[in-house]
Amino acid sequence: MQPRSSARIPVGISQCLIGDPVRFNAGHKHSRLCTDQLGALFDLRPVCPEVAVGLGTPRKPIRLVGDPTAPRAVGTVNRDMDVTEALQHYADEVHAGSNDLCGFIVMQKSPSCGMERVKVYEENGHPASATGQGVFTARLMQHNPLLPVEEEGRLHDPVLRENFVNRVIVYADWQQLLRDGLSASNLLAFHAKHKYLLMAHQAPGYKRMGQLLANPGKGEQLEQTATAYFSELMTALRRPASRRGHSNVLQHVAGHFKRVLNPPEKAELQQLIVRYRNGVVPLVVPMTLLQHHLLRHPDPYLLQQAYLQPHPPELSLRNAI
C-alpha cells in the first residue's frame, strides 16, 4: 500500500477519443471514461495516425484490404491511395519518440488504430473470412509487445478496465526500477511487491518466475534475467484475474491475520471471501475488510503488496468485479 507518485502515468490515446474532431467525417468519439476517469491517473497523449500522415479532415475513409494477417490500408473511393507504409512509418516515429509511454488506448474498428477484429475486405470488395489489426496499432505492438494496449470499447468492461490499469501501473513501476538502476536486490524486491497481484492472475506463473530469480546473476546475466522476468510478468498479467484467482489470494492474505483476529472476525472474513467467490458481492467488499484489519494489525509484508491497493481507490475499479 505504498503511496504512488502524484505524477500521472504517460499513456498514448487515439485523438478522437479525447474529443478532437479528427475522424474522417470531421467528428469525434469522445470517451468520458478515458478523459474523466482514467485521465485522473494517466497523462493522456493523443495521436491520430491518419491526420499525421496527411489525410485531411474531413476525408474519404480508408479500409483494410487483402491478407488479414498483413492487410493494406487503402482508400474506399480511390483504391490507388495506399497509406500502409505511411501509417507504419508514423508508428515507428511514435515508438522512437515516446519511449516513456506506459500504455496505449486505441479506437476500436479503426483501420489505423483498431487492436483486433477490424474488418478486412478482399480485392473484389467482399468481406474477408478473417479480421485484422489496424495498421498503426499492429506496427506499434510489433515494436513493443509488452506495452499494455487496449481498445476504448473493451474498457467499459470493469474486469478488462481494472486489468488494463493494473498492467499500465506495473509497466510504469518497472520503468522506474530501470531508471533507479537494476540490481539483484531491486529485482527481488519488485517480485516480492507484486507477489499477490501475480498470483491472482496466474499462480503457476508466480512459482515459475520465482525459480527464474533464484539465481539472478550479475552484469549481463542479470539484465537477461530481468528481461525474461518482465516478459513473463506482463504476459501473465495480460490474462484478467478470475474470481477463483482473487479468492485464492484473499485466503493467503487472510492467513496473515489468523493469530490476531478473534473467531467472529475470522468467520466474518471467511464469509465475505466465499460470498465474493460465489459472485454475491464485488471484490471491494472483502478487500475493504482486509484493509481494516491491516490498519488495526500492521503487517510489514502485506503493507508492501501492490495487490492490496494497485491503483488509486477513488477510481473505484474494484467496485464492479
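Coordinates for the structure precede this section.
Below you will find a few notes about this structure. (Residues numbered from 1 in each chain as written. Predicted model: local features only at pLDDT ≥ 70, side-chain atom pairs only at ≥ 80, totals over all residues. Heavy atoms only, no water.)

As for the overall build of the protein chain
Tallying secondary structure elements over the protein chain gives 13 helices and 7 strands in all. Along the three orthogonal principal directions, the C-alpha set of the protein chain runs to about 75 × 50 × 40 Å. Scored against the burial criterion, the 321 residues of the protein chain give a buried share of 47%. In the protein chain, the proportion of contacts linking residues at least 24 apart, taken out of those at least 6 apart, comes to 68%. Roughly 15400 Å² of accessible area belongs to the protein chain as shown, and the carbon and sulfur atoms make up 51% of that amount. For the protein chain, the distance from the average site of its 35 positive side-chain charges to the average site of its 28 negative ones is 9 Å. (Helix = DSSP H or I, 4+ residues; strand = E, 2+ residues; numbered from the N terminus. Buried < 20%, exposed > 50% of the residue type's maximum accessible area, 1.4 Å probe, protein only. Contact = heavy atoms within 4.5 Å. Areas by Shrake-Rupley, 256 points an atom, 1.4 Å probe, with all protein chains shown as cover. Lys, Arg positive; Asp, Glu negative; His and termini not counted. Charge placed at Lys NZ, Arg CZ, Asp CG, Glu CD.)

Notes on the packing of helix H3 (residues 84–97) against helix H4 (residues 135–143)
At a minimum axis separation of 8 Å, H3 and H4 run at an interaxial angle of 40°. One element, H3, and the other, H4, form an angle in the oblique class. With respect to the hand of their crossing, H3 and H4 are arranged in right-handed fashion. Where H3 approaches H4, its residues Thr84, Leu87, Gln88, Tyr90, Ala91, Asp92, Val94 and His95 are matched on the opposing element by Val135, Phe136, Arg139, Leu140 and His143. Of the residues assigned to the contact of H3 with H4, the class counts are 7 nonpolar, 4 polar and 2 charged. (Axes fitted to C-alpha atoms, helices over the stretch in contact; angles between N-to-C directions. Parallel < 35°, antiparallel > 145°, perpendicular 65-115°, else oblique. Left-handed = near helix turned anticlockwise from the far one by under 90°. Nonpolar A, V, L, I, M, F, W, Y, C, P; charged D, E, K, R; others polar.)

Regarding the packing of aromatic side chains
Counted under the stated rule, the structure contains 9 aromatic pairs. Where Tyr171 meets Phe230, the ring centres are 5.7 Å apart and the plane angle is 55°; that geometry is what we call tilted. In this pair, Tyr171 sits in helix H5 (residues 158–180) while Phe230 sits in helix H9 (residues 219–237), placing the two residues 59 residues apart along the sequence. Residue Tyr171 is classed as buried on the basis of its relative accessible area of 7%. In this structure Phe230 comes out as buried when scored by relative accessible area, which is 6%. Arranged with centres 4.7 Å apart and planes meeting at 5°, the rings of Trp174 and Phe230 form a pair that is stacked. With Trp174 in helix H5 and Phe230 in helix H9, the pair connects residues that are 56 residues apart, well separated along the chain. The pair Trp174 / Phe230 is uniform in exposure class, with both members buried. The side chain of Arg63 reaches across the aromatic face of Tyr121, ending 4.2 Å from its centre. (Phe/Tyr/Trp six-rings, centres within 6.5 Å; stacked < 30°, edge-to-face > 60°. Lys NZ or Arg CZ within 6 Å of the ring centre and 35° of its normal.)

Concerning the sheet that holds strand S2 (residues 42–47)
The strand order across the open sheet formed by 4 strands is S2-S1-S5-S7, and the pairing between neighbours is parallel. Each edge of the open sheet carries a strand with a single partner, namely S2 and strand S7 (149–151). For this sheet, the mean inter-axis angle between neighbouring strands, taken without regard to orientation, is 25°. One ladder, built from 6 bridges, connects strand S1 (residues 9–14) with S2; its direction is parallel. Considered in S2, the bridge of Ser14 is made with Val47. Packing against the sheet, H4 makes contact with S2, strand S5 (104–106) and S7, and its axis sits at approximately 160° to S5. (Pairing = 2+ DSSP bridges.)

Brief notes about the environment of Gln221
Position of Gln221 among the secondary structure elements: in helix H9. In sequence terms Gln221 and Met115 are 106 residues apart; their C-alpha atoms lie 34 Å from each other.

Some thoughts on the nonpolar core
Counting residues in each nonpolar core, the largest one holds 81 residues, and the members touching the most others are Phe42, Phe104, Ile105, Phe136, Leu233 and Tyr307. Per element, the largest residue contribution to this core is 9 residues, and it comes from H5. Filtering out sequence-adjacent residues up to four positions away, Phe42 remains in contact with Arg8, Ile9, Val11, Phe164, Val165 and Val168. One finds Leu55, Leu64, Val83 and Val135 within the second-largest nonpolar core, a separate group that totals 10 residues. (Core = buried A, V, L, I, M, F, W, Y, C linked by side-chain atoms within 4.5 Å.)

A word on the sheet that holds strand S6 (residues 120–121)
If you trace the 3 strands from one edge of the open sheet to the other, you get S4-S3-S6, paired in mixed fashion. Lying at the two open borders of the sheet, with one neighbouring strand each, are strand S4 (72–75) and S6. Two elements, strand S3 (residues 62–65) and S6, share 2 bridges in a ladder whose sense is parallel. Across the sheet, Leu64 pairs through a bridge with Val120, a residue of S6.

Details of the side chain of Arg161
Tracing the backbone through its elements, the reader meets Arg161 in helix H5. Of the side chains with opposite charge, Asp157 comes closest to the buried, unpaired Arg161, at an N-O distance of 6.9 Å. Look past the residues within four positions of Arg161 in its chain and what remains in contact with it is Leu33, Gln37, Leu155, His156 and Leu317. (Salt bridge = Lys/Arg side-chain N within 4 Å of Asp/Glu carboxyl O.)

Things to note about helix H8 (residues 203–212)
Residues of H8 that are buried: Gly205, Tyr206 and Met209. Taken around the axis of H8, the buried residues stretch over an arc of 100°, which confines them to a single face. The exposed residues of H8 that point more than 90 degrees off its buried face are Pro204, Lys207 and Gln211. Of the surrounding elements, those touching the buried residues of H8 are helix H6 (184–193), helix H7 (195–201) and H9. (Arc of directions from axis to C-beta.)

Observations concerning the side chain of His311
Position of His311 relative to the elements: it lies in the segment after helix H13 (300–303). Here the side chain of His311 touches Glu162 through a polar contact of 3.1 Å, side chain to side chain. Aside from chain neighbours lying at most four places away, what touches His311 is Glu162, Val165, Asn166, Ile169, Leu317 and Arg318. (Polar contact = N/O pair within 3.5 Å; in protein donor to acceptor, adjacent residues only side chain to side chain.)

What is shown is where atoms sit, not what they do.
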